[in-house]
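# Observations on the model geometry
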Amino acid sequence: MKIEPSLLFSLTWFAHIARHRSFTKAAAEMGVTRAALSQQLKSLEQQLNVRLLNRTTRDMSLTEEGRRLLDVLQPALSAVDRAVSNLGEAHDQPSGLIRLNSSRVAARLLIEPHMGEFLARYPKLRMELVMNDGLSNIVAEGMDAGIRLGESLNEHTVAVPITPPLEMAIVGSPKYFEKYGVPDSPADLHKHNCLAYRFTSSGNIDHWSFTAPGANGHTVVYEPNGNAVFNDDESMLLAALQDVGMVQHINLCVRYYLAAGSLVRVLDPWCLPFPGFYLYVPSRSQMPAKLRVLIDFLIEKREQLAKESKLLFANPARLKPREGHNTPSAVGRRGKPK
């Protein structure tokens, strides 16, 4: 038998009447009039072609058919009630799976170092981390959230910043600069071995973009043409650490090398800040608790990162590299789709 949607409402109302054995009490609980409730029951009996309740002006009792129907309805309605309650609890309590799509650099900078702490803080949560350097359609791909640079996102995207503003840093080893000198401006780069990064998706070389110091600074774009090209940051930075040449990377990703003195930054005044990484979600309405706590956690880490970076870039010698951050495996690419 195909159940009409209207029949489901009537069955629910019948169960309330039968439980209270009173139209008046059931109507008060459901916030409807006694007459409306009586009409619903009458309509249900007509649809089923069976009497469910024996009623007089003073008494009410279930018929045999009514009792059989109620015996089935009560556990079914209780199961529905539990399911609805569980949905509400899941919305209020952080639990379940978070499917997060992130560029490699963002994952290595923002997620991997703190995943243990996050999952320990919220033991009912699980996380699936998908790394993809292209811009992901999180709705189409069934993701709960994504992490990308702010400049890559549509202006209407629901997003929150999870890093301070970033800068691209031009770095090389002390031995390299001792041998070849320090460039004073991008015009000097042709004298240097500038190692290049090639985007896997497009095959394009990542150009180095500079803005001249001053209010009306012009833009200079340079295509590195050194003696090595990479599509992996770890390999590229290993080459820089071996005194091969200069490389470009996000300032936060090389901060521990700067602190250790194994890399030196140049052309700082020519590298202006740009919007950092953002966590973006499908919608801000009815956001589940699991996403709210993830956002709060990443904002908390953003504040810590901002304080740490301010300390480092003011005086690199005061910040010591953390364990696990003294090798190239701790870093990644800028992550802007090309």
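Everything that follows concerns the structure shown earlier in this document.
Here goes a summary of the coordinates provided. (Residues numbered from 1 in each chain as written. Predicted model: local features only at pLDDT ≥ 70, side-chain atom pairs only at ≥ 80, totals over all residues. Heavy atoms only, no water.)

Right, let's get into the packing of aromatic side chains. Counted by the stated rule, this structure contains six aromatic pairs. Both rings, one in Tyr176 and one in Tyr180, keep their centres 4.8 Å apart while their planes meet at 35 degrees; by these two values the pair is tilted. With Tyr176 and Tyr180 both in helix α7 (residues 174-180) and four residues apart, this pair spans about one turn of that helix. The exposure class assigned to Tyr176 is buried, which follows from its relative accessible area of 1%. (Phe/Tyr/Trp six-rings, centres within 6.5 Å; stacked < 30°, edge-to-face > 60°. Helix = DSSP H or I, 4+ residues; strand = E, 2+ residues; numbered from the N terminus. Buried < 20%, exposed > 50% of the residue type's maximum accessible area, 1.4 Å probe, protein only.)

Spatially, the three strands line up as an open sheet ordered β12-β7-β13, and their pairing is antiparallel. Every other strand in the sheet has two partners, leaving β12 (247-250) and β13 (264-266) as the edge strands with one partner each. The average undirected angle you get between the axes of adjacent strands in this sheet is 50 degrees. By the bridge criterion, four bridges tie strand β7 (residues 168-172) to β12 in an arrangement that is antiparallel. Bridging from a neighbouring strand, Ala169 pairs with His249 of β12. (Pairing = 2+ DSSP bridges. Axes fitted to C-alpha atoms, helices over the stretch in contact; angles between N-to-C directions.)

By size, the foremost hydrophobic cluster in this structure holds 34 residues, and its most contacted members are Phe118, Ile147, Phe277 and Leu279. For this core, the secondary structure elements donating two or more residues are β3 (96-102), α5 (104-111), β4 (125-131), β5 (145-149), β6 (158-161), β14 (277-281) and α10 (289-314). By residue number, the principal contributor to this core is α10, which donates seven residues. Counting 19 residues, the second-largest nonpolar core is a separate cluster that includes Leu7, Leu11, Leu53 and Leu62. (Core = buried A, V, L, I, M, F, W, Y, C linked by side-chain atoms within 4.5 Å.)

A word on the pattern of salt bridges. On inspection of all chains with the given rule, the structure shows twelve salt bridges. Here Arg121 and Glu117 are joined by a salt bridge, their closest N and O atoms 2.9 Å apart. Linking Arg121 with Glu117, this pair stays in helix α6 (residues 115-121), spanning four residues, or about one helical turn. Given the relative accessible area of 34%, Glu117 is considered partly exposed. Across the salt bridge formed by Lys301 and Glu117, the nearest N and O atoms sit 2.8 Å from each other. Taken together, the positions of Lys301 in helix α10 and Glu117 in helix α6 put the pair 184 residues apart, joining distant regions of the chain. Linked through salt bridges whose partners overlap, the residues forming this network are Glu117, Arg121, Glu300 and Lys301. (Salt bridge = Lys/Arg side-chain N within 4 Å of Asp/Glu carboxyl O.)

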